[in-house]
Amino acid sequence: MTEPAAAGTAEGAVPERREMIRLEGVTKRYPGQDAPAVDDLTLGVREGEIVVLLGPSGCGKTTTLRLINRLIEPTAGRILLGGEDVTRADPDELRRRIGYVIQQVGLFPHMTVAANIGLIPRTLGRPRKRVAERVDELLEMVGLDPGGYRGRYPKELSGGEQQRVGVARALAADPPAMLMDEPFGAIDPITRERLQDAFLELQERIRKTIVLVTHDLTEALKLGDRIAILGGRAKLVQYDTPAAILAEPADAFVASFVGTGAAMRRLRLVEVGSIALPAGGPGRAGGATVRADQSLYEALDAMLRAGAESATVLDGDGRPAGTVSWSTIVRQTPAAGGGGR
Ligand SMILES: Nc1ncnc2c1ncn2[C@@H]1O[C@H](COP(=O)(O)OP(=O)(O)OP(=O)(O)O)[C@@H](O)[C@H]1O
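The name that an unreviewed UniProt entry assigns to the protein is ABC transporter ATP-binding protein, with the source organism given as Actinomadura monticuli. Regarding the protein, the relevant UniProt record gives this comment under Sequence similarities (unreviewed entry): "Belongs to the ABC transporter superfamily."

So, in structure tokens, the structure goes:
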């Protein structure tokens, strides 16, 4: 390796990731409507992060999302993709650079899974063999066995499988960014959780820049690196990490949106390992165990099930590495002054 270290990168100074998507002063006024659906919104999305748009019905989430790939044209403002102003770029070309996934999936019913996924690469004139390889690669990526699925038709798939095919199709042209509108909305709760997990695993590998619309707080907290809470006319009320929003809602609107239970929800976001005390600390584990990479929520669940006031924390090899107790959990919550950022 003869490459010199990047000039000007001081040790420890992690440069802020660049913005992949940026809305600047964007307004959308639908014809015949008095009030704009989106009013002067400025929002940046960094490369490789998942930003969730969350807000009440009609606040302009879908409009905002569709402004990004210009399925809806802005009345005013600018849209940038990778620093380039695409407000007046060719919309078809733009959409090839931004994958799009919707709740209803929108697969073509008369086309096989392979034909659906390969649609964009084919229209881009990629060789047939290369497209077929890419389709199989994408099916693998979303957890569907190519041999078993490539020749099927959408109606021969479950809702969850259709959703996976929809994601594969959105990724077909390997776009840097992806927009997802209620992608797991129409799916039963158990499948939905599985798909969310699979989606996060996939994102670990592909690191796309993703903007995702949901009205489901639990989904937003689970999937978002950051959450943009929108009020009426897509006013940006708070834009921060899930933990920060739960710990310090910006105002009464956000507080009511994250609801009672915010403290409980926050337990899901904190890892046991971050607050565990060395083994032999206070409290008796009484048979409850929890892994260091599990959440405080799971630790509490283990304690309640075992009727114990603390749990033994296990390391990656399953060996005891510390304890976590009811009182340490209570002490680190924001109300006790120990949590927050
Ligand atoms: N094509 C349209 N013509 C006129 N008004 C529209 C159009 N599409 C949306 N609107 C209005 O714009 C506002 C924002 O709609 P949008 O669909 O973006 O909201 P949303 O936050 O996605 O809502 P939901 O969570 O209910 O899907 C709403 O008041 C809606 O009635």
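It is worth spelling out the overall build of the protein at this point. For the protein, the helix and strand inventory stands at 14 helices and 13 strands. By principal-axis analysis of the C-alpha atoms, the protein measures approximately 65 × 55 × 50 Å. Looking at the protein alone, contacts between residues at least 24 apart form 63% of all its contacts between residues at least 6 apart.

Before going further, it helps to examine the site of the ligand. Every residue lining the ligand is accounted for by Tyr30, Gln33, Ala37, Gly55, Ser57, Gly58, Cys59, Gly60, Lys61, Thr62, Thr63 and His215. When its residues are assigned to classes, the shell around the ligand shows 3 nonpolar, 8 polar and 1 charged.

Below, the discussion takes up the environment of valine 135. In this fold, valine 135 is placed in helix H5 (residues 128-141). Residue classification places valine 135 among the buried positions, given that 26 C-beta atoms sit within 10 Å. Separated by 19 residues in the primary sequence, valine 135 and asparagine 116 have C-alpha atoms spaced 9.3 Å apart. Each residue touching valine 135, except ones within four places of it in the same chain, is listed here: Ala114, Ile117, Gly118 and Arg150.

This paragraph deals with the nonpolar core. Core analysis: the largest hydrophobic core is formed by 67 residues, its most contacted members being Val52, Leu54, Ala168, Val211, Ala228 and Ile229. Counting residues per element, this core draws most heavily on strand S3 (residues 50-54), at 5 residues. Other than its neighbours up to four places away in sequence, leucine 54 contacts Thr214, His215, Leu217, Ala220, Ile227, Ala228, Ile229 and Leu230.

Now for the sheet that holds strand S9 (residues 226-231). Taken in spatial order, the 6 strands line up as S6-S7-S8-S3-S9-S10 in an open sheet, and their pairing is mixed. The outermost strands of the open sheet, each flanked by one partner alone, are strand S6 (98-102) and strand S10 (235-240). Ignoring which end each strand starts from, the neighbouring axes of this sheet average 15° apart. Where S6 meets strand S7 (residues 177-181), 5 bridges bridge the pair, whose relative direction is parallel. Note on S7: the bridge partner recorded for tyrosine 100 is leucine 179. The sheet contacts of helix H1 (residues 61-68) involve S3, S6, S7, strand S8 (209-214) and S9, and relative to S8 the element is tilted by about 155°. Contacts from helix H7 (residues 159-170) reach S6 and S7 within the one sheet, and its direction differs from that of S6 by about 165°.

Side-chain direction in a regular strand flips from residue to residue, so the side chains alternate between the two faces of the sheet. Counting buried residues in S8 gives 6 out of 6 residues, a clear majority hidden from the surface. Of the two faces of S8, the one holding Thr209, Val211 and Val213 and the one holding Ile210, Leu212 and Thr214 are both buried throughout. As judged from the 5 bridges shared by S3 and S8, these two strands associate in the parallel manner. Looking at the pairing, leucine 54 lines up with threonine 214 of S8. Looking at chain direction, S7 and S8 are connected through 5 bridges and run parallel. Pairing of alanine 177 across the sheet is with threonine 209, part of S8. Crossover handedness for the path S7 to helix H8 (residues 189-206) to S8: right-handed.

Parameters and conventions
- Residues numbered from 1 in each chain as written.
- Predicted model: local features only at pLDDT ≥ 70, side-chain atom pairs only at ≥ 80, totals over all residues.
- UniProt positions renumbered as here; feature names shortened; annotations may be inferred.
- Helix = DSSP H or I, 4+ residues; strand = E, 2+ residues; numbered from the N terminus.
- Contact = placed C-beta atoms within 7 Å.
- Near = placed C-beta within 6 Å.
- Nonpolar A, V, L, I, M, F, W, Y, C, P; charged D, E, K, R; others polar.
- Buried ≥ 20, exposed ≤ 12 C-beta atoms within 10 Å, placed from the backbone.
- Core = buried A, V, L, I, M, F, W, Y, C linked by C-beta atoms within 7 Å.
- Pairing = 2+ DSSP bridges.
- Axes fitted to C-alpha atoms, helices over the stretch in contact; angles between N-to-C directions.
- Right-handed = clockwise from strand over helix to strand, strands pointing away.

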